[in-house]
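Per-entry structural report
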Amino acid sequence: MSFLFGGGRPQLSSAEKIAAAETEVEMISDMFNRLSQSCTKKCIPPEYREPDLNKGESVCLDRCVSKFFEVNLKVSEKMQGEAAQRGGAGGGMSGFGM
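On a predicted model such as this, the values are computed, not experimentally measured, just so you know. (Residues numbered from 1 in each chain as written. Predicted model: local features only at pLDDT ≥ 70, side-chain atom pairs only at ≥ 80, totals over all residues. Heavy atoms only, no water.)

1. Quick word on the state of the cysteines
What the rule picks out here adds up to two disulfides. Between the sulfur atoms of C43 and its disulfide mate C60 the distance is 2.0 Å. Between C43 and C60, the S-S dihedral sits near -70 degrees, and the bridge is therefore left-handed. Remark: C60 occurs in helix α3 (residues 55-85) and C43 occurs in helix α2 (residues 14-43); sequence separation between them is 17 residues. Residue class for C60 comes out partly exposed when judged on its relative accessible area of 28%. When the cysteines engaged in disulfides are numbered in sequence order, the protein pairs them as 1-4, 2-3. (Disulfide = S-S within 2.5 Å. Helix = DSSP H or I, 4+ residues; strand = E, 2+ residues; numbered from the N terminus. Buried < 20%, exposed > 50% of the residue type's maximum accessible area, 1.4 Å probe, protein only.)

2. Comments concerning α3
In this model, α3 (31 residues) spans 45 Å end to end at C-alpha, consistent with the 45 Å of a helix rising 1.5 Å per residue. Taken together, the buried positions of α3 are occupied by E57, L61, C64, F68, N72 and S76. Buried residues along α3 sit in contact with α2. Just beyond α3, the residue with positive phi is G87, at close to 90 degrees. (Expected span 1.5 Å × (residues − 1). Contact = heavy atoms within 4.5 Å.)

3. A word on the layout of surface pockets
Here the second largest pocket defines a volume of roughly 180 Å³. Every residue lining the second largest pocket is listed: I44, P45, E47, Y48, R49, E50, P51, D52, L53, N54 and E57. Within the lining of the second largest pocket, the residues separate by chemical class into five nonpolar, one polar and five charged. (1 Å grid on protein atoms, 1.4 Å probe; cavity = no way out; pocket = protein on both sides within 12 Å on 5 of 7 lines; lining within 4 Å. Points joined across faces, edges and corners; volume = space filled by probe spheres on them. Nonpolar A, V, L, I, M, F, W, Y, C, P; charged D, E, K, R; others polar.)

4. What to know about the nonpolar core
Counting residues in hydrophobic clusters, the biggest one holds eight residues: M31, L35, C39, C43, I44, L61, C64 and F68. At the level of secondary structure, the elements contributing two or more residues to this core comprise α2 and α3. Here this core takes four residues from α2, the largest share from any one element. In this structure C43 touches E57, C60, L61 and C64, once residues within four positions along its chain are discounted. (Core = buried A, V, L, I, M, F, W, Y, C linked by side-chain atoms within 4.5 Å.)

Right, dumping it as structure tokens:
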């Protein structure tokens, strides 16, 4: 009942805060792994000719990462908009770790 007199939403317990942080770390790790796998597959050939990235591979990776985050942001905004239209805009975790 403290939320009635506290002037806001109820405070999260330490266990809830830890669970939320663990979930966020898992989401970010998953996003990083998908990004790495996708852009590596698109931009770096399976047979290495040089120890360092060449200019083409480097540019490809830069564009791939940029597009990945742009799409991720658009999907997140779309999902948040749909949730708001359904009336589920209150509380909870929104977006993909953003």
